[in-house]
Amino acid sequence: MQKITTFLMFEGQAEAAMNLYTSLFADGKIVSLVRHDGSGGGEEGKVLHAVFSLNGQTFMCIDSSIMHEFTFTPSMSLFVDCESEQEIDELYAKLSDGGQVLMALGPSPFSKKFGWVNDKFGVSWQLNLANNG
């Protein structure tokens, strides 16, 4: 059975990003983490390959040893359906800290509360509290 997993490429901040993301969700966890040993082109100690889980969803990430002229854009974002107003408020505050607000948290035509941010690592998050939430 084919499985599709979101893969995030960072330039030196993969572990810090994983630590933030897994701290924001009650069942967030780092599943596996392999570091560069310094012998194969990557900076020693940086993430060669890692897998982490948020609310049962698996993600992979790496630290690229090559600097690229591209990064994350809001055209691909992680959409989170929140269960409570407290959850959406906390996620919005923590993910926007040091990042960029793309859409301020507030009511929207399609939900009780919605916000869109780029976190401090450049990853884009859409946070949603459904009308019935």
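Data block above holds the structure.
Here's what I pulled together on the structure shown here. (Residues numbered from 1 in each chain as written. Predicted model: local features only at pLDDT ≥ 70, side-chain atom pairs only at ≥ 80, totals over all residues. Heavy atoms only, no water.)

## Let's talk about the overall build of the protein chain
Then, in step 1: A tally of regular secondary structure across the protein chain gives 2 helices and 8 strands.
Then, in step 2: Starting at the N terminus and walking to the C terminus, you meet the elements of the protein chain as β-α-β-β-β-β-α-β-β-β.
Then, in step 3: Expressed as lengths along the three principal axes of its C-alpha atoms, the size of the protein chain is roughly 50 × 35 × 25 Å.
Then, in step 4: Out of the 133 residues in the protein chain, the part that is buried amounts to 37%.
Then, in step 5: Counting contacts in the protein chain only where the partners sit at least 6 residues apart, residues at least 24 apart contribute 50% of the total.
Then, in step 6: Accessible area of the protein chain: about 7800 Å², with a carbon and sulfur share of 51%.
Then, in step 7: Positive and negative side-chain charges in the protein chain, numbering 8 and 16 respectively, have mean positions lying 5 Å apart. (Helix = DSSP H or I, 4+ residues; strand = E, 2+ residues; numbered from the N terminus. Buried < 20%, exposed > 50% of the residue type's maximum accessible area, 1.4 Å probe, protein only. Contact = heavy atoms within 4.5 Å. Areas by Shrake-Rupley, 256 points an atom, 1.4 Å probe, with all protein chains shown as cover. Lys, Arg positive; Asp, Glu negative; His and termini not counted. Charge placed at Lys NZ, Arg CZ, Asp CG, Glu CD.)

## Let's talk about unusual backbone geometry
Then, in step 1: The backbone phi angle of Asn55 is positive, close to 50°, even though this residue is not glycine.
Then, in step 2: The topology assignment puts Asn55 in the loop between strand S3 (47-54) and strand S4 (57-63).
Then, in step 3: Residue Asn55 is classed as partly exposed on the basis of its relative accessible area, which comes to 48%.

## Considering the nonpolar core
Then, in step 1: Among the nonpolar cores identified, the biggest contains 28 residues, and Phe10, Tyr21, Leu95 and Trp125 are the most heavily contacted of them.
Then, in step 2: Among the secondary structure elements, those contributing two or more residues to this core are strand S1 (6-10), helix H1 (14-24), S3, S4, strand S5 (77-81), helix H2 (85-96) and strand S8 (124-129).
Then, in step 3: Top contributing element to this core by residue count: H1, with 6 residues.
Then, in step 4: Leaving out residues up to four positions away in the same chain, Tyr21 has contacts with Leu8, Phe10, Phe52, Leu54, Leu95, Asp119, Phe121, Val123 and Trp125. (Core = buried A, V, L, I, M, F, W, Y, C linked by side-chain atoms within 4.5 Å.)

## Focus: the sheet that holds strand S7 (residues 111-118)
Then, in step 1: Pairing is mixed in the open sheet, where 4 strands are placed in the order S5-S8-S7-S6. Looking at the sheet topology across the chains shown, the edges are occupied by S5 and strand S6 (100-108). Geometrically, the sheet is characterised by an average inter-axis angle of 10° between neighbouring strands, direction not taken into account.
Then, in step 2: The pairing of S7 with S8 spans 6 bridges and is classified as antiparallel. Bridge assignment links Trp116 to a residue of S8, and that residue is Gln126.
Then, in step 3: Of the strands in this sheet, S5, S6, S7 and S8 are in contact with H2, which crosses S7 at around 15°. (Pairing = 2+ DSSP bridges. Axes fitted to C-alpha atoms, helices over the stretch in contact; angles between N-to-C directions.)

## With respect to the packing of aromatic side chains
Then, in step 1: Enumeration over the complete set of coordinates arrives at 9 aromatic pairs.
Then, in step 2: Between Tyr21 and Phe121, the ring centres sit 6.3 Å apart and the planes meet at 90°, which makes this aromatic pair edge-to-face. Here Tyr21, found in helix H1, pairs with Phe121, found in the loop between S7 and S8; they are 100 residues apart in sequence, far enough to count as distant. Like Tyr21, the residue Phe121 is buried in the burial classification.
Then, in step 3: Measuring from ring centre to ring centre gives 5.0 Å for Phe110 and Phe114, while their planes differ by 70°; the resulting arrangement is edge-to-face.
Then, in step 4: Aromatic ring contacts, followed pair by pair, group Phe10, Tyr21, Phe25, Phe52, Phe59, Phe72, Phe121 and Trp125 into a single cluster. (Phe/Tyr/Trp six-rings, centres within 6.5 Å; stacked < 30°, edge-to-face > 60°.)

Any link to function would need more than the numbers given here.
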